[in-house]
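Residues per chain, in single letters:
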Amino acid sequence: MARNGSPLSLDPPGGGEPARFRVYFAAPLFTILERRANRALARAIERVMPEARIVLPQDFKHEGKFNDAKAFGMIFQGCIDAIEQADAMLAWLDGSDADSGTCFEVGYAYKKGLPVVGVRTDFRHNQERGLNIMLSRACTAFVYRPSFDEDVEGLAKSIAQALRKAVKAKTP
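Scope of this entry: the structure provided in the associated data block. None of the values given here were measured: they were computed from a predicted structure.

Conventions we followed
Residues numbered from 1 in each chain as written. Predicted model: local features only at pLDDT ≥ 70, side-chain atom pairs only at ≥ 80, totals over all residues. Heavy atoms only, no water. Salt bridge = Lys/Arg side-chain N within 4 Å of Asp/Glu carboxyl O. Helix = DSSP H or I, 4+ residues; strand = E, 2+ residues; numbered from the N terminus. Buried < 20%, exposed > 50% of the residue type's maximum accessible area, 1.4 Å probe, protein only. Axes fitted to C-alpha atoms, helices over the stretch in contact; angles between N-to-C directions. Parallel < 35°, antiparallel > 145°, perpendicular 65-115°, else oblique. Left-handed = near helix turned anticlockwise from the far one by under 90°. Contact = heavy atoms within 4.5 Å. Expected span 1.5 Å × (residues − 1). Arc of directions from axis to C-beta. Polar contact = N/O pair within 3.5 Å; in protein donor to acceptor, adjacent residues only side chain to side chain.

### A short note on the pattern of salt bridges
Oppositely charged side chains can form a pair if their charged atoms are brought close together. Tallied over the entire structure, the rule returns eight salt bridges. Note that Glu-153 and Arg-47 form a salt bridge whose closest N and O atoms lie 2.3 Å from each other. In this pair, Glu-153 is assigned in helix 5 (residues 152-170) and Arg-47 in helix 1 (residues 32-48), connecting sequence segments 106 residues apart. A relative accessible area of 32% means that Glu-153 is categorised as partly exposed. Where salt bridges share partners, they join Arg-120, Asp-122 and Arg-124 into one cluster.

Have a look at this one:
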């Protein structure tokens, strides 16, 4: 059980000291490609930003199960709790239209006043920054890096820089 009473644990395994800077990573998480890309990017960001802990909602499970219909309410609440505990949000906004769950999470973070760093590697264009304006305007900062170079480490460095700047701007 997590410290906040949620059945979903957000703390590092083994009871280690939580990082000072917690980043909720909102992204599509339904395919093996999405899940592996999320994890690879999260690890790369943590390498270049060791003061951060990237929270991956794809790791949330209830009683050892992922995607158990009986636990959907708890998983939803666990995501809300994780956003509430975060210092910033990273939102992966690729696709012809961004993932609906990610869009909800961005809106929630925006309303809460949490800095949101939007990331887009998709080279297709839309209204603004390749996105619907409701998403692009909810982002405190934005990293656009077309997918052609496939440089995850370079993307992680750009994201870390944007996260640090966004959080610094929010801190009085």
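### As for the packing of helix 1 against helix 5
Where helix 1 contacts helix 5, the axes come no closer than 8 Å and their chain directions differ by 60°. By the angle class used here, helix 1 and helix 5 are oblique. Both helix 1 and helix 5 take part in a crossing whose hand is right-handed. Across from Ala-40, Leu-41, Ala-44, Ile-45, Arg-47 and Val-48 in helix 1, the residues of helix 5 making contact are Val-152, Glu-153, Leu-155, Ala-156, Lys-157, Ile-159, Ala-160 and Arg-164.

### Quick look at helix 1
Each turn of an α-helix holds 3.6 residues, which means side chains three or four residues apart point in the same direction. The end-to-end C-alpha distance of helix 1 is 24 Å, a good match for the 24 Å that 17 residues give at a rise of 1.5 Å each. Restricting attention to buried positions, one finds in helix 1 the residues Asn-38, Leu-41, Ala-42, Ala-44 and Ile-45. Down the axis of helix 1, the buried side of the element spans an arc of 165°, and every buried residue falls inside it. Those residues of helix 1 that are exposed and angled more than 90 degrees off the buried face are Ile-32, Leu-33, Arg-36, Arg-43 and Arg-47. Turning to helix 1, the residues buried within the fold contact strand 1 (21-26), strand 2 (52-55), strand 3 (88-92) and helix 5.

### Section: helix 5
In a regular helix each residue adds 1.5 Å, so 19 residues correspond to 27 Å; helix 5 covers 27 Å between its end C-alpha atoms and thus fits that length. Of all the positions in helix 5, only Gly-154, Leu-155, Ala-156, Ile-159, Ala-160, Ala-162, Leu-163, Ala-166 and Val-167 are classed as buried. Residues of helix 5 that are buried sit in contact with strand 1, helix 1, strand 3, strand 4 (116-120) and strand 5 (141-144). Two or three places before Glu-153, at the opening of helix 5, Asp-151 has a side-chain oxygen 3.4 Å from that residue's backbone nitrogen.

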